[in-house]
Amino acid sequence: MADPDAIVIGAGPNGLSAAIVLARARRKVVVYEARAEIGGGCASESLTLPGFVHDVCSAVHPMAVASPFFRSLPLRDFGLEWVEPSAMVAHPFDDRPAAIIERSLGDTAGALGEDEGRYLDLIGSVVHAWPRIGDDILGPPRLPRHPFALARFGMRALQSAERLARARLKGPRARGLFAGLAAHSMVPLDTAPTGAIALVLGAAAHVCGWPFPRGGSQQLSNALAAYLRSLGGEIVTKAPVSNIDELPRAPIVLCDLSPRPLLRIAGHAFPDNYRRALERYRYGMGVFKVDWAMAAPIPWRDPSVARAGTVHLGGTLEDIAESERLAWEGHVSSRPFVLLSQPTLFDPSRAPEGRHTVWAYCHVPHASGADMLTAIEQQVERFAPGFRDRILAGHVMAPFDLERRNPNLVGGDIAMGVTDLRQMAIRPTRRWYRTPRKGLYICSASTPPGVGVHGMCGYFAAQAALADSRQ
Ligand SMILES: Cc1cc2nc3c(=O)[nH]c(=O)nc-3n(C[C@H](O)[C@H](O)[C@H](O)COP(=O)(O)OP(=O)(O)OC[C@H]3O[C@@H](n4cnc5c(N)ncnc54)[C@H](O)[C@@H]3O)c2cc1C
């Protein structure tokens, strides 16, 4: 593209979203993507055997369907179809029935027995407030449109998940379920914002579901890219940017990068204080991920677990909190908390007839070289005896494999930076999307509202760039 108005570095969900905002504002946009395929953390590949489609990074997309920006796009016209499993999340136990998050709030609460009313109060209050607070949750800290509703949410959300679970829930099933939601935060469950993560993910299951794109996560990225192209945007793949000074001249450059790779290509362009602020940005725990091609579905001991798209394996609140604390403090757990997705039970298009794919990961210390394959398989086997006999092939990615594939994932940190209270508000610096270099912006998940496939970081970064360009 000759004389672009804007360049986006990186075709992840936020880079593509930023490009769409600019293209909709009639700017000539070109996206440079280092890899041969677009999508970044929202991509699918045949990682194991021919005919099996695996989600390389993101698999389950509550934040995508909750995203006010994605909801404003005609992605269905560009091939995106959401698949919703029969149940959103299953949380099996050794000695009692699994706790299940259904799409229905009442059905979920009703099956929690003694915790029915408590679940309705804790998660239900967020569900009911969602129309007033949803947009604020998926945005940078700002003056809320409904301050009282947000303040009411904040009073609980700013507590740790452990504290909230112990104070507001009674039985081990409800507490374990809440801990599993909170553990997505990748910070210890006794720290402040983990309560918020559990409340938001729990409520999102009832408000918009935990679906996945038919055919794999790649289909969401492909739909974003197709829509961008329909607006005149261009995407160049196999185009790694190693120095921003080598880019064609353009008044706006947006980087879908976390601070470390941003410093590598643009550090020389920043004043010392800003460079140091980016250097101080903290990355957190890493991830050890496994994908399996399966001869048959996982033989869950509790058959109700097969109704859910996502499964949380770790048992009680105490066990999950211990596993996350160990990883945070630099140790590996022999019984790690495992997040698992079983998409082919609901979307057979991803595997040969009768066959299945399974996606799973656990948290490990930052940049850990530990091999967690056996520990993860044992956790699945614990709740599904005979699981291993059904494996046809597997593929593992340790923290360094993730970082080698995508330099944003420093030390295997899939959240692109610790999501504690401080780095939720100051992400990656007080300037958020803006940098001291005129026309240069950050639009990755290292900006508010942070991790997840929702495109909101790209949306807000592009809005900032457009606002500045009009001044
Ligand atoms: C294993 C794993 C599981 C996850 N599971 C989920 C999930 O289930 N649900 C969910 O919502 N989120 C999940 N996430 C998080 C989600 O993937 C990220 O939050 C999201 O992808 C962030 O998008 P982004 O556009 O900010 O960055 P990225 O997705 O990292 O995209 C950045 C792009 O920039 C490219 N790039 C980097 N450097 C350069 C360069 N120098 N030149 C050109 N291009 C460059 C990269 O190749 C990449 O394509 C997961 C992530 C991982 C890794």
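Residues numbered from 1 in each chain as written. Predicted model: local features only at pLDDT ≥ 70, side-chain atom pairs only at ≥ 80, totals over all residues. Heavy atoms only, no water.

Chemist: Please give an account of the overall build of the protein chain that cites residues and values.
Modeler: A count of helical and extended segments in the protein chain gives 17 helices and 16 strands. The C-alpha radius of gyration computed for the protein chain amounts to 21 Å, which stays within 12% of the reference 23 Å derived for 471 residues, consistent with globular compactness. Taking the principal axes of its C-alpha atoms as reference, the protein chain extends roughly 65 × 55 × 45 Å. Counting across all 471 residues of the protein chain, residues that qualify as buried make up 61%. Nonlocal contacts in the protein chain, meaning residues at least 24 apart in sequence, comprise 75% of its contacts between residues at least 6 apart. (Helix = DSSP H or I, 4+ residues; strand = E, 2+ residues; numbered from the N terminus. Rg over C-alpha atoms; globule rule 2.2 N^0.38 Å. Buried < 20%, exposed > 50% of the residue type's maximum accessible area, 1.4 Å probe, protein only. Contact = heavy atoms within 4.5 Å.)

Chemist: Give me the lowdown on the packing of aromatic side chains, citing residues and values where you can.
Modeler: Using the criterion set out here, one finds 11 aromatic pairs in the structure. Arranged with centres 6.4 Å apart and planes meeting at 25 degrees, the rings of Y433 and F460 form a pair that is stacked. Remark: F460 occurs in helix 17 (residues 456-469) and Y433 occurs in the loop between helix 16 (421-425) and strand 16 (440-442); sequence separation between them is 27 residues. Put simply, the rings of F69, F70, W432, Y433, Y459 and F460 pair up and form one aromatic cluster. (Phe/Tyr/Trp six-rings, centres within 6.5 Å; stacked < 30°, edge-to-face > 60°.)

Chemist: Explain the site of the ligand to me, and be specific about the residues and the numbers.
Modeler: Taken together, the neighbourhood of the ligand is formed by 35 residues, with E33, G41, V60, D256 and N406 sitting nearest. Interatomic distance of 2.9 Å between a backbone N/O atom of V241 and a nitrogen atom of the ligand. Here an oxygen atom of the ligand sits 2.8 Å away from a polar atom, N or O, in the main chain of G452. When the ligand sits alone it has 1,000 Å² of accessible area, and the protein chains cover 94% of it. Of the residues that constitute the shell around the ligand, the class distribution is 20 nonpolar, 11 polar and 4 charged. (Near = heavy atom within 4 Å. Polar contact = N/O pair within 3.5 Å; in protein donor to acceptor, adjacent residues only side chain to side chain. Areas by Shrake-Rupley, 256 points an atom, 1.4 Å probe, with all protein chains shown as cover. Nonpolar A, V, L, I, M, F, W, Y, C, P; charged D, E, K, R; others polar.)

Chemist: Describe in detail the nonpolar core, supporting the description with residues and values.
Modeler: In this structure, F178, L199, L220 and L254 are the most contacted members of the largest nonpolar core, which totals 112 residues. Counting residues in each nonpolar core, the second largest holds 28 residues, with I100, W292, V338 and M372 among its members. (Core = buried A, V, L, I, M, F, W, Y, C linked by side-chain atoms within 4.5 Å.)

Chemist: Tell me what's going on with the sheet that holds strand 9 (residues 234-236), and back it up with residues and numbers.
Modeler: The strand order across the open sheet formed by 5 strands is 9-2-1-10-16, and the pairing between neighbours is parallel. One side of each edge strand has no neighbouring strand; the edge strands of this open sheet are strand 9 and strand 16. For this sheet, the mean angle separating the axes of adjacent strands, direction not counted, is 20 degrees. Where strand 1 (residues 6-9) and strand 10 (residues 252-255) come together, 4 bridges link them in parallel fashion. The residue of strand 10 that forms the bridge with V8 is L254. Most of the contacts of helix 1 (residues 13-24) go to strand 2 (residues 29-32), to which it runs at about 170 degrees, and overall it touches strand 1, strand 2, strand 9 and strand 10. (Pairing = 2+ DSSP bridges. Axes fitted to C-alpha atoms, helices over the stretch in contact; angles between N-to-C directions.)

Chemist: Let's hear about helix 17: which residues, and what values?
Modeler: Relative to the 20 Å expected for 14 residues at 1.5 Å per residue, helix 17 spans 20 Å between its end C-alpha atoms, a close match to the ideal helical length. Along helix 17, the residues that are buried comprise M456, C457, G458, F460, A461, A462, A464, A465 and L466. At its buried positions, helix 17 is contacted by helix 1, helix 3 (68-71), strand 10 and strand 16. (Expected span 1.5 Å × (residues − 1).)

Chemist: Describe the side chain of S323, naming the residues involved and giving the relevant values.
Modeler: Among the secondary structure elements, S323 is positioned in helix 13 (residues 317-328). Within the structure, the side chain of S323 is placed 2.9 Å from the backbone nitrogen of F337, a separation counted as a polar contact. Ignoring sequence-local partners within four residues, the contact set of S323 consists of S333, R335, P336 and F337.

Chemist: Could you give me a rundown of the state of the cysteines, with the residues and numbers involved?
Modeler: According to the stated counting rule, one finds 0 disulfides in the structure shown. Free cysteine: C57, not disulfide-bonded; nearest cysteine sulfur from C42 at 8.9 Å. Sulfur of C457: no disulfide; nearest cysteine sulfur belongs to C443 and is 8.2 Å away. (Disulfide = S-S within 2.5 Å.)

Chemist: Describe the pattern of salt bridges, listing the residues and the values that go with them.
Modeler: The full count for this structure, using the stated rule, is 26 salt bridges. For the salt bridge of D420 with R282, the shortest nitrogen-to-oxygen distance reads 2.8 Å. One end of the pair, D420, is in the loop between helix 15 (399-405) and helix 16; the other, R282, is in the loop between helix 12 (272-280) and strand 11 (286-294), with 138 residues separating them in the sequence. Taking the shortest distance from any N to any O, the salt bridge between R350 and D347 comes out at 2.9 Å. (Salt bridge = Lys/Arg side-chain N within 4 Å of Asp/Glu carboxyl O.)

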